[in-house]
Amino acid sequence: MLEGPKVSQSELAKRFGVSQPQICRIIKNKERILSEWHRNGDPERKRKREGKDAALEAALLRWVEGARAADLPVGGPLLQLKAKHLAEALGRPDPEPSGGWLARLGARHDLAFKKPPAEKGDAEQPTAEHWAGTVLPGLLRSYAPSEIYACGETGVLLPASSPGKGESTGNRLTVLLCTNADGSEKAPLRAVGESPRPRCLRGVNLGQMPWSYRAGSLADMTAPLFAEWLREFNEGMRRQGKSVLLLLTKHEAHPYLQLSNVRMVFVPPAAAPAQPLDRGIIGDLKGHYRRRLLRWPPAERGAEQPTLLDALHMLTQAWGDVHPGLIAGCFRAAGFSPDAAAEAPTLAPAPGSLSREQLERGGEPADAEADGDEGTVEGEDAGELAVVQPCPSEREVWRSLATLRRYLECRATSPDLFQAFYELEDAVHAVSAG
């Protein structure tokens, strides 16, 4: 109307039922008003209302733009959780944004939480019948067993930390597993815990560990964390010059990404038993992990309970204990074999859940007596004992191993060094048990 025939400000004021000074201010600020209207997500808005916390809204909108640019799904619950974390980082007294605040934010900025364009790749989510009759045979023809990978997450309980030790990592981890169909390559474990900076990981050279740790809300895998792992996995395959297939179940924490060397295929929900990890691989990992917890000797190690760092090492050792033959059998049981009558692998019985009393005793029976042998030999005279070092006690051996492990954690130049250390630790366990 301002661009049309000349109309007096008084006439405009009468037409719209406002005062003439208000019309004057609108004409004076025309460029600014039009600029803000074009930037507005909702062109039907008649009033310019700002949120109560402009800094929080600006930070959250920048995060939304980055997430959508990275093809990550952005939904209401995820956005509310991110708003809470940003509010805590900004030091807000009430860091719990409400659902009403989120709805008003979406209305002001036209945040429609729709499926991102990248998820159009979900065409690779067939029905169970189509999967069994068409997709699976095609995959078997297109990829060798060493090029077919499966990944998934499982929850692992941690022993309760001793009071007063400063640990606040929660009582569980989410562990991401990934292996190929013939068991020739098992990706390093990715653990997700609740604490962003666990005390026990201070001073540890995390880039050279045979595992990796990330922090997530309630120790759960999230879409950004999984996308980070996917890109790292893809980069690893690119460096090896391999193009591989990655099988996984559809989940809100599993975004679909277009990757250069990894083809993602989602196992349909109705065909969930076809996920090889659920056919025994996860169960075998947990069995080995429980066995290692049972033989934890707290007195010899000078600690009442394993820390998060100890648990990460034990999980890595347990992952190494999962035999390639068992992995191959689980993939065959899931249908990745020309033999349609393949049987599920037989797993060795694993110990049941550990009680607090068992953990405190290191898995030993209640009436077990401590080994009182200090390594002295009868018949030795005092002169020989002064020259020959006595046999170290088990406590001294385990403390020496703990010192060596700490040195590797701080100074290691390659994760492969820990494989030699794990073998040494297992050998000492075998001698101690014999």
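From a predicted model like this one, the values you see are computed outputs, not experimental measurements. Per chain, residue numbering runs from 1 following the sequence as it is written. Residues qualify for local features only when their pLDDT is at least 70, as the model is predicted, and side-chain atom pairs are given and counted only at 80 or more; totals for whole chains, interfaces and linings, by contrast, use all residues. Neither water nor hydrogens contribute to the side-chain values; these are computed over all heavy atoms in the structure.

**Focus on the overall build of the chain**
Working step 1: Within the chain, the regular secondary structure consists of 16 helices and 6 strands.
Working step 2: Only protein chains enter the accessibility calculation, which uses a 1.4 Å probe; a residue is then buried when its area is under 20% of its type maximum, exposed when over 50%, and partly exposed in between. Burial statistics for the chain: of 434 residues in total, 40% are counted as buried.
Working step 3: Note on contacts: a residue pair qualifies if any of its non-hydrogen atoms lie within 4.5 Å across the two residues. Of the contacts made within the chain by residues no fewer than 6 positions apart, 68% connect residues no fewer than 24 positions apart.
Working step 4: Taken as a whole, the chain presents about 24,400 Å² of accessible surface, with 53% of it coming from carbon and sulfur. Runs of H or I in DSSP of at least four residues are treated as helices and runs of E of at least two as strands, each being numbered from the N terminus. In short, Shrake-Rupley with a 1.4 Å probe defines the accessible areas, and a residue's cover is counted only from the protein chains shown.

**Looking at the packing of helix α1 (residues 9–16) against helix α2 (residues 20–28)**
Working step 1: One can describe the packing of α1 onto α2 by two numbers: an axis separation of 8 Å at closest approach and a directional angle of 110 degrees. As summarised for this structure, α1 and α2 are arranged roughly perpendicular, according to the angle between their axes. Between α1, through Q9, S10, L12 and A13, and α2, the contact on the second element is made entirely by Q20, I23, C24 and I27. Whenever a helix is involved, its axis is fitted only over the stretch in contact; in every case the axis is a line through C-alpha atoms, and angles between N-to-C directions fall within 0 to 180 degrees. Working rule for angles: under 35 degrees goes down as roughly parallel, over 145 as roughly antiparallel, 65 to 115 as roughly perpendicular, anything else as oblique.

**Considerations on the packing of aromatic side chains**
Working step 1: Here is the rule: rings of Phe, Tyr and Trp (six-membered ring for Trp) pair when centre to centre is within 6.5 Å. Planes less than 30 degrees apart are stacked, more than 60 are edge-to-face, and the remainder are tilted. Overall, the coordinates contain 6 aromatic pairs when judged by the stated rule.
Working step 2: A ring pair is formed by W229 and F233, whose centres lie 5.1 Å apart and whose planes are at 10 degrees; its orientation type is stacked. Here W229 and its partner F233 are both found in helix α8 (residues 223–240), 4 residues apart, which amounts to about one turn of the helix.
Working step 3: The class of F233 is buried, set by a relative accessible area of 8%.
Working step 4: Connected via pairs of aromatic rings, a cluster forms that spans Y149, F226, W229 and F233.
Working step 5: By the criterion adopted, a ring carries a charge over it if an Arg CZ or a Lys NZ lies within 6 Å of its centre and within 35 degrees of its normal. Across from the ring centre of W319, 5.5 Å away, lies the NZ or CZ of K186, which sits over that ring.

**Brief notes about a nonpolar patch on the surface**
Working step 1: Taken together, the side chains of L404, Y407 and L424 present a nonpolar region at the surface, about 270 Å² in accessible area.
Working step 2: By the secondary structure assignment, Y407 is in helix α15 (residues 394–411). By definition, no residue in a patch forms a salt bridge, and every one has over 30% relative accessible area; like charges are joined within 9 Å, nonpolar side chains (Val, Leu, Ile, Met, Phe, Trp, Tyr) within 5 Å. Salt bridge, as used here, is a side-chain nitrogen of Lys or Arg placed within 4 Å of a carboxyl oxygen of Asp or Glu.

**Some points on the nonpolar core**
Working step 1: The biggest cluster of nonpolar side chains holds 55 residues, and the ones touching the most others in it are W131, L173, L247, I281 and Y289.
Working step 2: Of the residues forming this core, the biggest block, 8 residues, is contributed by helix α11 (residues 308–321). As used here, the term nonpolar core means buried Ala, Val, Leu, Ile, Met, Phe, Trp, Tyr and Cys residues forming a set that is joined through side-chain atoms within 4.5 Å.

**Side note on the pairing of strand β2 (residues 172–180)**
Working step 1: Taking burial as the measure, the 9 residues of β2 include 8 buried ones, the bulk of the element.
Working step 2: Paired strands are those between which DSSP finds at least two bridges. As paired strands, strand β1 (residues 148–157) and β2 are joined by 9 bridges and run antiparallel to one another. Note on β2: the bridge partner recorded for V156 is L173.
Working step 3: Of the pairings in the sheet, the one linking β2 to strand β3 (residues 189–193) comprises 3 bridges and is antiparallel in character. Counterpart to T174 in the pairing with β3 is V192.

**Re the sheet that holds β1**
Working step 1: On the basis of which strands lie adjacent, the open sheet formed by 6 strands has the order β4-β3-β2-β1-β5-β6 and mixed pairing. A strand with exactly one partner marks an edge of an open sheet, and here the two such strands are β4 (211–215) and β6 (262–267). In this sheet, adjacent strand axes meet at a mean angle of 25 degrees when their direction is disregarded.

**Here's the deal with the environment of G325**
Working step 1: Within the secondary structure, G325 sits in helix α12 (residues 324–333).
Working step 2: Once the C-alpha coordinates of G325 and D182 are considered, the two residues, 143 residues apart in sequence, prove to be 7.4 Å apart.

**Some remarks on the environment of A328**
Working step 1: Among the secondary structure elements, A328 is positioned in helix α12.
Working step 2: The exposure class assigned to A328 is buried, which follows from its relative accessible area of 17%.
Working step 3: Taking the C-alpha atoms as reference, A328 lies 9.7 Å from I281; in sequence the two are 47 residues apart.
Working step 4: Beyond its immediate sequence surroundings of up to four residues, A328 is in contact with A181 and D182.

**Brief notes about the pattern of salt bridges**
Working step 1: If you walk through the whole model with that rule in mind, you get 13 salt bridges.
Working step 2: In this structure, R405 engages E409 in a salt bridge whose closest nitrogen and oxygen atoms are separated by 2.9 Å. Taken together, the residues R405 and E409, both in helix α15 and 4 residues apart, mark about one turn of the helix. Each member of the pair, R405 together with E409, is buried.

**Quick word on helix α9 (residues 281–294)**
Working step 1: For α9, spanning 14 residues, the distance from its first C-alpha to its last is 20 Å, which sits close to the expected 20 Å at 1.5 Å a residue.
Working step 2: By the criterion of burial, α9 is predominantly enclosed, with 10 of the 14 residues buried.
Working step 3: Buried within α9 we find I281, I282, D284, L285, G287, H288, Y289, R292, L293 and L294. Working rule for helices: expected span equals 1.5 Å times residues minus one.

**As for the confidence of the model for the chain**
Working step 1: Scored from 0 to 100, pLDDT records how confident the predictor is in each individual residue. Mean pLDDT over the chain stands at 74; residues scoring 70 or higher make up 66%.
Working step 2: Between the elements of the chain, mean pLDDT differs from a low of 42, seen in helix α14 (residues 382–387), to a high of 95, seen in β3.
Working step 3: Under a pLDDT of 50 for its full length, residues 340–344 has, in the predicted model, 5 contacts with residues more than four places off or in other chains.
Working step 4: Taken together, the stretch residues 347–386 has pLDDT below 50 and engages in 37 contacts with residues farther than four places along the chain or on a different chain.

**Observations concerning unusual backbone geometry**
Working step 1: For A219, which is not a glycine, the phi torsion comes out positive at approximately 60 degrees.
Working step 2: On the secondary structure map, A219 appears in the loop between β4 and α8.
Working step 3: Relative accessible area serves as the criterion here: at 2%, A219 is assigned to the buried category.

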